[in-house]
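# Descriptive structure summary
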Amino acid sequence: QVQLVESGGGLVQAGGSLRLSCAASGNIFSFNVMGWYRQAPGKQREFVATITTSGTTNYADSVKGRFTISRDVAKKQIYLQMNSLKPEDTAVYYCNIKVPALGSRGDYWGQGTQVTVSS
């Protein structure tokens, strides 16, 4: 049973910074892809950033240059450093892990953490 727990969300002013954390438990295998997705009110969930076990990263164009994803493989944790926050970054941020070895069953989500950016 894989569980993901996000933390670090909160209320910040535009231009401020936040650091999100996600702690994984259970068997997530040797190779996996972890990432962050977000969902704003009335919008569909969208991709933010991913990072592989080997450290390869990908970012949505909307956050590139402002957000940095990282991971501690030994601790089964990933982080999202968010700088220069904008009101449009306001959303619930979800942690995700995909385990290719398990196919469609290897797709897990956390409960989300709220990020609110005031103007």
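Residues numbered from 1 in each chain as written. Predicted model: local features only at pLDDT ≥ 70, side-chain atom pairs only at ≥ 80, totals over all residues. Heavy atoms only, no water.

Before going further, it helps to spend a moment on the sheet that holds strand 7 (residues 67-72). Within the open sheet, the four strands sit side by side as 1-3-8-7. Their pairing is antiparallel. Two strands lie at the open edges of the sheet, namely strand 1 (3-7) and strand 7, each paired on one side alone. On average, each strand axis in the sheet is inclined to that of its neighbour by 15°, with strand direction left out of account. Where strand 7 meets strand 8 (residues 77-82), six bridges bridge the pair, whose relative direction is antiparallel. By the bridge assignment, Thr 68 is partnered in strand 8 with Gln 81. (Pairing = 2+ DSSP bridges. Helix = DSSP H or I, 4+ residues; strand = E, 2+ residues; numbered from the N terminus. Axes fitted to C-alpha atoms, helices over the stretch in contact; angles between N-to-C directions.)

The subject of this paragraph is the nonpolar core. Grouped together as the largest cluster of nonpolar side chains are 28 residues, with contacts concentrated most on Met 34, Trp 36, Val 48, Phe 67, Leu 80, Met 82 and Tyr 93. Those elements that provide at least two residues to this core are strand 3 (18-25), strand 4 (33-39), strand 5 (46-52), strand 7, strand 8, strand 9 (91-98) and strand 11 (113-118). When neighbours within four sequence positions are excluded, Val 48 is seen to be in contact with Trp 36, Tyr 37, Arg 38, Asn 58, Tyr 59, Ala 60, Val 63, Phe 67, Leu 80 and Tyr 93. (Core = buried A, V, L, I, M, F, W, Y, C linked by side-chain atoms within 4.5 Å. Buried < 20%, exposed > 50% of the residue type's maximum accessible area, 1.4 Å probe, protein only. Contact = heavy atoms within 4.5 Å.)

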